[in-house]
Amino acid sequence: MIDFSILINNLDTYLEGFKNTIFASIIGLVGSFIIGVIVAVMRIAPIKPLNWIGTVYVEFIRNIPLLIIAFFFYVGLPAVGVTLSGFVAGTIALSIYTASFIAEAIRAGIQSVPKGQMEAARSSGLTYVQAMRTIILPQAIKIVIPPIGNQFINLVKNSSILGIIAGLDLMYFGDIVSSHTFVTFDVYIFVALFYLVLTIPLSLGVGYLEKRLARNH
Amino acid sequence: MDITGALSADHLKFLADGFWLTLYVAFISIVLSFIIGILLGTLRYAKIPVVSKVVAVLVETIRNMPLLLIIFFTFFALPEVGIKLSVTVAAISALTVFESAMLAEIVRGGLNSVDKGQIEAARSSGLTYIQTLRTIVMPQALRRMVPPIVSQFISLLKDTSLCVIVALPELMHNAQIIYAQNVNYIIPVFIVVALMYFIVNYCLSLIARRLESRQA
């Protein structure tokens, strides 16, 4: 049977990790959204060199493991004199990695709005930026929300790599509880439960949004 | 930085060995996950009372857990209850458990994308439900599953790097051994390792896109 005294006796340690996992996920979401929007705009802006930079970013980052990016910031940068804590390095890596997926989601959303609308807006005298802001983006946002929600769930799960680089998250504190109690099995069952408490409601929420927004189309 | 030292022939050979194991572990895992995923996905799709619900709960629970936790658990926690696995077997088991849940959803999505009218038509022509699934729905669904499965394989190749925590001698692990010798090796090794992953995954993503656009 699972020994609940482990959870009760180490609740503070678990909660500290849980809190940091939530922090890392929220900072990661905001960071990746900002970078994602910038990259998406670069990819669709009518300026060729920007398109290339955006495409290289998305294709390169999407196709390498998150762990390499995290190690780059945690192990690689100190080699050239920049030292970051595990939490900071991990959160930056999460933002950079997730941004590539969010950028693609946003680009797909914007491009799903018929081209004629941009042409109509431009010929009614709106500038490119105005047309984007007032005509295209409000329609695109509906299509983009569910995939971004899915990326957020991935982000929460991926934040567990902070555990590898001493990032003070749930995985890291799980390790600490496990070395205090000399128990592994039960300790990690509780770690899993803490993750599920975050991710299951998020998946249900995203599933609900997907259905609702699909109905409106 | 010491590029020539970091990328000596021996080191490149060592990285290539690691990458070979990465590909091997990922490939075995995706094949096993495909078999289990087909089974779980079909069970969930078929709406069998109780069974489909149990499968749904199982699949959703695994999908919502970090893979790192599953790898960690398989290698460090299972021995506590008497299940001792070698590093490679533990890595393949953990990846298979996680990917099976992912593929089960892809399979279910593929099955759901087949028009319901076809099932009704097949049933009224006298086929049993199982026959309908096997001969009418599955062949069409399988074709649509191929691009998402290739994408999932890309994720799996990337995620295999998480096996560093159990010291599986795959690409990331071997890279760590090389750059641990000398601080000046770190950046060049990272760049080469990133490029190795990138080249293989980018080619796979082009294949996935090709297949997707051909179906559309």
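All figures in this text were calculated on a predicted structure; none of them were measured in a lab. (Residues numbered from 1 in each chain as written. Chains lettered and ligands numbered in written order. Predicted model: local features only at pLDDT ≥ 70, side-chain atom pairs only at ≥ 80, totals over all residues.)

### Focus: the overall build of chain A
A count of helical and extended segments in chain A gives nine helices and zero strands. Helices (α) and strands (β) of chain A occur, in sequence order from the N terminus, as α-α-α-α-α-α-α-α-α. Considered along the principal axes of its C-alpha atoms, chain A spans approximately 70 × 50 × 25 Å. For chain A, long-range pairs separated by at least 24 residues make up 75% of all intrachain contacts whose partners lie at least 6 apart in sequence. (Helix = DSSP H or I, 4+ residues; strand = E, 2+ residues; numbered from the N terminus. Contact = placed C-beta atoms within 7 Å.)

### Focus: the overall build of chain B
Scanning chain B from terminus to terminus reveals nine helices and zero strands. Tracing chain B from N to C terminus, the helices and strands come up as α-α-α-α-α-α-α-α-α. A principal-axis box enclosing the C-alpha atoms of chain B has dimensions of 70 × 45 × 20 Å. Counting all 216 residues of chain B, 41% fall into the buried class. Expressed as a percentage of contacts within chain B between residues at least 6 apart in sequence, the contacts between residues at least 24 apart total 79%. (Buried ≥ 20, exposed ≤ 12 C-beta atoms within 10 Å, placed from the backbone.)

### Digging into the UniProt feature "domain: ABC transmembrane type-1" (unreviewed entry) in chain A
Following the UniProt record, one finds the feature "domain: ABC transmembrane type-1" (unreviewed entry) at residues 18–206 of chain A. Helix makes up 83% of residues 18–206 of chain A and strand 0%, and the two end C-alpha atoms of the span are 21 Å apart. (UniProt positions renumbered as here; feature names shortened; annotations may be inferred.)

### Some remarks on the interface of chain B and chain A
The figure often quoted for interface size is the accessible area lost as the parts come together. Each partner contributes to the interface: chain B provides 30 residues, whereas chain A provides 28 residues. Of all elements in the fold, only α3 (51–63), α4 (67–77), α7 (129–159) and α9 (186–215) of chain B reach the threshold of two or more residues within the side of chain B that touches chain A. Across the side of chain B that touches chain A, the residue classes break down as 22 nonpolar, five polar and three charged. (Nonpolar A, V, L, I, M, F, W, Y, C, P; charged D, E, K, R; others polar.)

### Digging into the packing of α3 of chain B against helix α5 (residues 87–112) of chain B
Residues and elements named next belong to chain B. Interaxial distance between α3 and α5 falls to 9 Å at its minimum, and their mutual angle equals 120 degrees. Compared by their axis directions, α3 and α5 come out oblique. α5 is crossed by α3, and the crossing has left-handed handedness. Contacts between α3 and α5 involve V59, I62 and R63 from the first element and V97, F98, A101, M102, A104 and E105 from the second. (Axes fitted to C-alpha atoms, helices over the stretch in contact; angles between N-to-C directions. Parallel < 35°, antiparallel > 145°, perpendicular 65-115°, else oblique. Left-handed = near helix turned anticlockwise from the far one by under 90°.)

### Quick notes on α7 of chain B
All names here are of chain B. Along its 31 residues, α7 runs just 37 Å from first to last C-alpha, ending more than 12% under the 45 Å computed at 1.5 Å per residue. Roughly 45 degrees is the biggest bend found in α7, and it falls at V137, with proline P139 one to four residues downstream. Turning to α7, its buried residues number three or more, namely V137, A141, M145, P147, I149, Q152, F153, I154, L156, L157, K158 and D159. Contacts made by the buried residues of α7 are with α2 (9–45), α4, α5, α6 (116–124) and α9. (Expected span 1.5 Å × (residues − 1). Bend = angle between axes of the 7 residues up to and from the residue.)

### Quick word on unusual backbone geometry
Leaving glycine aside, a negative phi is the common case for residues, and trans is the common case for peptide bonds. All names here are of chain A. Positive phi is not limited to glycine here, since L168 has a value of about 60 degrees. A count of 22 C-beta atoms within 10 Å places L168 in the buried class. In this structure, F182 takes a positive phi of about 60 degrees despite not being glycine. Here F182 is to be found in the loop between α8 (170–181) and α9 (185–215). Judged by C-beta crowding, with 8 C-beta atoms within 10 Å, F182 ranks as exposed.

### Brief notes about the UniProt feature "domain: ABC transmembrane type-1" (unreviewed entry) in chain B
The UniProt record annotates "domain: ABC transmembrane type-1" (unreviewed entry) at residues 19–208 of chain B. End C-alpha to end C-alpha, residues 19–208 of chain B measures 21 Å, and it is 78% helix and 0% strand.

### A look at the nonpolar core
Judged by nonpolar contacts, the single largest core of 120 residues is most densely connected at I69, A70, A93 and V191 of chain A together with L69 and I71 of chain B. I69 of chain A has contacts with I64, A93, I96 and Y97 of chain A, leaving out every residue within four places of it along the chain. (Core = buried A, V, L, I, M, F, W, Y, C linked by C-beta atoms within 7 Å.)

### Describing the UniProt feature "transmembrane region" (unreviewed entry) in chain B
UniProt annotation of "transmembrane region" (unreviewed entry) refers to residues 20–43, 55–77 and 185–208 of chain B when read in the numbering used here. Spanning residues 185–208 of chain B, this segment combines 96% helix with 0% strand, and its end C-alpha atoms are found 35 Å apart.

### Regarding α9 of chain A
Between the first and last C-alpha of α9 of chain A there are 44 Å, a value that for 31 residues agrees with the 45 Å anticipated at 1.5 Å per step. For α9 of chain A, the principal kink sits at L196 of chain A and spans about 30 degrees. Taken together, the buried positions of α9 of chain A are D186, V187, Y188, F190, V191, A192, F194, Y195 and T199 of chain A. The inward-facing, buried residues of α9 of chain A contact α1 (4–9), α2 (11–44), α7 (128–158) and α8 of chain A together with α4 of chain B.

### Topic: the environment of F19 of chain B
All names here are of chain B. Note on placement: F19 falls in helix α2. According to the C-beta neighbour criterion, F19 is buried, with 21 such atoms within 10 Å. Taking the C-alpha atoms as reference, F19 lies 16 Å from I165; in sequence the two are 146 residues apart. In this view, F19 contacts L171 and M196; residues no more than four positions away in its chain are not counted.

### Regarding the packing of α4 of chain B against α5 of chain B
Residues and elements named next belong to chain B. Here α4 crosses α5 at 140 degrees, and the two axes come no closer than 9 Å. By the angle between their directions, the pair α4 and α5 is classed as oblique. Taken as a pair, α4 and α5 cross one another with a handedness that is right-handed. Touching L67, I70, I71, T74 and F75 of α4 are A90, A91, S93, A94, V97 and F98, all from α5. Residues that form the contact of α4 with α5 fall into these classes: nine nonpolar, two polar and no charged.

### What to know about the UniProt feature "transmembrane region" (unreviewed entry) in chain A
All names here are of chain A. Under the UniProt annotation, the feature "transmembrane region" (unreviewed entry) is placed at residues 22–44, 56–76, 82–103, 161–182 and 188–209. Helix and strand shares over residues 22–44 are 100% and 0% respectively, and the end C-alpha atoms of the span are 32 Å apart. Secondary structure across residues 56–76 comprises 86% helix and 0% strand; the distance between its end C-alpha atoms is 21 Å.

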